[in-house]
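Each chain is listed here by its residues.
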Amino acid sequence: MTALFSLNDLRFGYTSVPVLQGLSTEIAAGEFVALIGPNGAGKSTLLKIVAGLIRGYRGHVEFSGKALTQWNSRDLARRIAFVPQETHMAFPFTATEIVLMGRLPHRTGVLTDSPRDVEWTREAMALTDTASVATKIFNQLSGGERQRVVLASALAQNPDVLLLDEPTVYLDLKHQLQFYDILERLNAERGLTIVSVTHDVNLAARYARRMIAIRSGTFVVDGRPNEVLTPQHLYDIFEIRAAVFERPDGRGTYIIPSH
Amino acid sequence: MTAARFAVAVGLCAIVCLLVLVLAPWIGSTGVTWRNVLAGVRPDRDIFFVARLPRVLFAGLVGGALATAGVLFQAILRNPLADPFTLGVSAGSSLGAFIAIWLGLETVVLGIPIVSVTAFAGALLTILLVFFIARTGGEMPTFTLILAGVTLNFVFFAVMMFIHYAADFNESYLMTRWTMGALDTADMRTVAGAAPFIIVSLLALMWIARQLNPFAAGEEWAASRGVDVRRLKTICYFIASILTGAVTAFSGPIGFVGLIVPHTMRLVLGPDHRLLIPTSFFVGSAFLVMCDTAARTMFAPTEIPVGVITALLGGPFFIGLLKRKRGNL
């Protein structure tokens, strides 16, 4: 199995204070990875570096056999899509217009949207169940709708990799599940590589097939969710005591924290 | 964006603009007949070709340039309240003009008033100053950009106030008059000099207009859509600033056009920059020509400053639009 991403001794700090202190790992095509860890551990920073949004790191990051720094932003955006925690538009774009922005790296038209752009947009909106809000103003949508529209925009980029930074943090329980159901389907049916930063360990355990825990800029543990989620590991990662149980539906483990 | 929608919206705005440009020179305090004008009978011919036509065309360029600059500043600063003067260009330009007036440099060289030359120099200096102050480590964060612009605005206004205070009555009047804005300063040569630059800028902007859309969600969001954020921002900053500086050097600061026209077009057509840039140019152009026509005819033979009209006409119209389409701003 060849690595899609390969990190070798990645180090980074926004100031002189180091945030990431020597990270090395590989992520293969088709993986569904959850990145967990306490606040300030460097999860989002790592995700943004891998997305090509933060430069000036030390060490080596390779994507698809080429150093990340050698990719230009447009070529990278055709392969990697990024979904942030929350999106706010300064101007009243409609949901469809937002999704169409995902077609930008393909530069199919200067003044008009090409038929291909429109087709991809329609498909991405069907996939994320957002066709019903197509003509509505983005900022007036509910949190769940907004996040699915942004996901549709990311899918319109036709990426191989989807990087998500706490994508369900503002969503209610139903919409959290709905959102991850879509990700699971994309991963299974299209082979989309998914890396998601999340604080919801149980949600991550239910959907991801690999879990990487990070604390103070170093990897603590990396493995299948049921291997990572042990009381000892949870103490090492979050400094909490937690009980770990089997899910009644047989889909891995879940935890109950108790100090 | 379909080709039909683009063609209809931009086409309609262009036709309105053209109609206004064609009709406006015939309107004025002194009646002219098209027979006399075309036959070259004086004074009709001179009134039309020397007094009115350059002024109308210049007003069209100024209005279009300011509206376009307004769209760009609002886009790159992600701020609906930004206008062409937010980052200090007009303050720098006015300071340049004040200095020339104070030093008594009211001559005209090669058809260009010295006041306009120093005003343009002041604008250029401000543009570079803001750019270098705002740039930190190769980046140009929006926050420092706004802060640098606003701070320079204050500093320049302080210097202008000092010069104004030190100046004599006649100079002081000229300075006050400058800050009100006027469009009678241009002749055909100014128009011919400014037009190619403005048209080339507009075409360049159409090429990058689509990339400005994801800026509305932030620079990171735009970057993850493959936009070279730093380059696009720098290009837009300089085009918008130089457009503003070039026209205000001759017209003085004319407010409201650069704020109200982009908003109006956004309320009517939506925020897509592929439509917003060209339609704002044409409508801004038509709007300022109409305002200037009103300014020179309403109390004829006395003229009133065109900035008074832009605010008095534009303000209530804009408020009405806001009331009707609330929440879509």
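Reading the values: the criteria
- Residues numbered from 1 in each chain as written.
- Chains lettered and ligands numbered in written order.
- Predicted model: local features only at pLDDT ≥ 70, side-chain atom pairs only at ≥ 80, totals over all residues.
- Helix = DSSP H or I, 4+ residues; strand = E, 2+ residues; numbered from the N terminus.
- Rg over C-alpha atoms; globule rule 2.2 N^0.38 Å.
- Contact = placed C-beta atoms within 7 Å.
- Buried ≥ 20, exposed ≤ 12 C-beta atoms within 10 Å, placed from the backbone.
- Axes fitted to C-alpha atoms, helices over the stretch in contact; angles between N-to-C directions.
- Parallel < 35°, antiparallel > 145°, perpendicular 65-115°, else oblique.
- Left-handed = near helix turned anticlockwise from the far one by under 90°.
- Nonpolar A, V, L, I, M, F, W, Y, C, P; charged D, E, K, R; others polar.
- Core = buried A, V, L, I, M, F, W, Y, C linked by C-beta atoms within 7 Å.
- Pairing = 2+ DSSP bridges.
- pLDDT = per-residue confidence, 0-100.
- Expected span 1.5 Å × (residues − 1).

Draft legend 1. Main features of the overall build of chain B. Counting its regular elements, chain B contains 13 helices and two strands. The C-alpha radius of gyration computed for chain B amounts to 20 Å, which stays within 12% of the reference 20 Å derived for 329 residues, consistent with globular compactness. For chain B, the spread of C-alpha atoms along the three principal axes comes to 65 × 55 × 35 Å. Considering only residue pairs separated by 6 or more positions, chain B has 77% of its internal contacts joining residues 24 or more positions apart.

Draft legend 2. Representation of the overall build of chain A in the model. Per the secondary structure count, chain A includes nine helices and 12 strands. For 259 residues, the compact-globule formula gives about 18 Å, and the C-alpha radius of gyration of chain A, at 19 Å, lands near that figure. Projected onto its principal axes, the C-alpha positions of chain A cover 55 × 45 × 35 Å. Expressed as a percentage of the 259 residues in chain A, the buried residues total 44%. Within chain A, contacts between residues separated by at least 24 positions form 64% of all contacts whose residues are at least 6 apart in sequence.

Draft legend 3. Geometry of the packing of helix α8 (residues 188-212) of chain B against helix α10 (residues 229-251) of chain B. Residue and element names in this part refer to chain B. α10 packs onto α8 with a crossing angle of 155° between their chain directions and a minimal axis gap of 11 Å. Viewed along their axes, α8 and α10 adopt a mutual orientation that is roughly antiparallel. Relative to α10, α8 is oriented so that their crossing is left-handed. Contact residues: T190, A194, F197, I198, S201, A204, L205, I208 and Q211 in α8; L232, I235, I239, L243, A246, V247 and F250 in α10. Here the residues of the contact of α8 with α10 sort into 13 nonpolar, three polar and no charged.

Draft legend 4. Here's a closer look at the interface of chain B and chain A. On the chain A side, the residues contacting the 28 residues of chain B number 26 residues. When residues of the side of chain B that touches chain A are traced back to their parent elements, those giving at least two are α1 (3-23), α8 and α9 (219-223) of chain B. Among the elements that make up the side of chain B that touches chain A, the one with the highest residue count is α8(B) (four residues). Here the side of chain B that touches chain A is built from residues that sort into 14 nonpolar, six polar and eight charged.

Draft legend 5. Molecular detail of the nonpolar core. Counting residues in hydrophobic clusters, the biggest one holds 170 residues, and the most contacted among them are L35(A), L163(A) and V62(B). Leaving out residues up to four positions away in the same chain, V62(B) has contacts with L183(B), V247(B), S251(B), I254(B) and L288(B).

Draft legend 6. Region of interest: the sheet that holds strand β6 (residues 80-83) of chain A. Residues and elements named next belong to chain A. With mixed pairing, six strands are arranged side by side in an open sheet as β6-β7-β8-β3-β9-β10. Both outer strands of the open sheet, β6 and β10 (218-223), are each paired with one neighbouring strand and no more. Averaged over neighbouring strand pairs, the angle between their axes works out to 15° when direction is ignored.

Draft legend 7. Looking closely at helix α1 (residues 43-50) of chain A. Residue and element names in this part refer to chain A. The buried count for α1 comes to seven of eight residues, which makes it a mostly enclosed element. Looking at α1, one finds that the buried residues are K43, T45, L46, L47, K48, I49 and V50. In the stretch just after α1, G52 is the one whose phi turns positive, near 80°.

Draft legend 8. Inspection of the pairing of strand β11 (residues 242-246) of chain A at higher detail. Residue and element names in this part refer to chain A. Here β11 runs beside strand β12 (residues 253-257); their pairing, made up of five bridges, is antiparallel. Note that in β12 the partner of F245 across the bridge is Y254. In this structure, the hairpin formed by β11 and β12 is closed by a connection of six residues, where G250 is found at a positive phi of approximately 80°.

Draft legend 9. Here's a closer look at unusual backbone geometry. The omega torsion across R42(B) and P43(B) is 5°, close enough to zero to call that bond cis. Along the chain, P43(B) turns up in the loop between α2 (34-39) and α3 (44-76). The phi dihedral of D9(A) falls on the positive side, at around 50°, and the residue is not glycine. Its place among the elements puts D9(A) in strand β1 (residues 3-12). Although it is not a glycine, F256(B) adopts a positive phi angle of roughly 80°. Given 22 C-beta atoms within 10 Å, F256(B) falls into the buried group.

Draft legend 10. Region of the structure containing the environment of D75(A). All names here are of chain A. Within the secondary structure, D75 sits in helix α2 (residues 73-79). D75 gets classed as partly exposed once you count the C-beta atoms within 10 Å, which come to 14. With 164 residues separating them in the primary sequence, D75 and E239 have C-alpha atoms 41 Å apart.

Draft legend 11. Highlighting the confidence of the model for chain B. On average, residues of chain B carry a pLDDT of 89, and 98% of them reach 70 or more. Complex prediction metrics read pTM 0.91 and ipTM 0.89.

Draft legend 12. Representation of the sheet that holds strand β2 (residues 20-28) of chain A within the structure. All names here are of chain A. In space, the four strands of this open sheet follow the order β2-β1-β4-β5, with antiparallel pairing throughout. The open sheet is flanked by β2 and β5 (66-67), the only strands paired with a single partner. Of the strands in this sheet, β1, β2 and β4 (58-63) are in contact with α1, which crosses β1 at around 125°.

Draft legend 13. Molecular detail of the pairing of β10(A). Residue and element names in this part refer to chain A. Of the strand pairs in this sheet, strand β9 (residues 210-215) and β10 are connected by five bridges, and their pairing is antiparallel. Its bridge partner lying in β10, M211 is registered against G223. Between the end of β9 and the start of β10, which pair antiparallel, lie two residues, with S216 showing a positive phi angle near 50°.

Draft legend 14. Just α1(B), in detail. Compared with the 30 Å implied by 1.5 Å per residue over 21 residues, the 30 Å span of α1(B) between its first and last C-alpha is a close match. Where α1(B) is buried, its residues meet α11 (257-269) and α12 (273-297) of chain B.

Draft legend 15. Highlighting the environment of I256(A). Residues and elements named next belong to chain A. In this fold, I256 is placed in strand β12. Residue I256 is classed as exposed on the basis of its C-beta count, with 10 C-beta atoms lying within 10 Å. When the C-alpha positions of I256 and R11 are compared, they lie 33 Å apart, and in sequence the two are 245 residues distant.

Draft legend 16. Seen up close, the packing of α3(B) against α10(B). All names here are of chain B. One way to put it is that α3 packs onto α10 with a least axis distance of 9 Å and a crossing angle of 150°. Here α3 lies roughly antiparallel to α10, going by the angle between them. Two packed elements cross with a definite hand, and for α3 against α10 that hand is left-handed. Contact residues: L61, V62, A65, L66, T68, A69, L72, F73, A75 and I76 in α3; K233, C236, Y237, I239, A240, L243, T244, V247 and S251 in α10.

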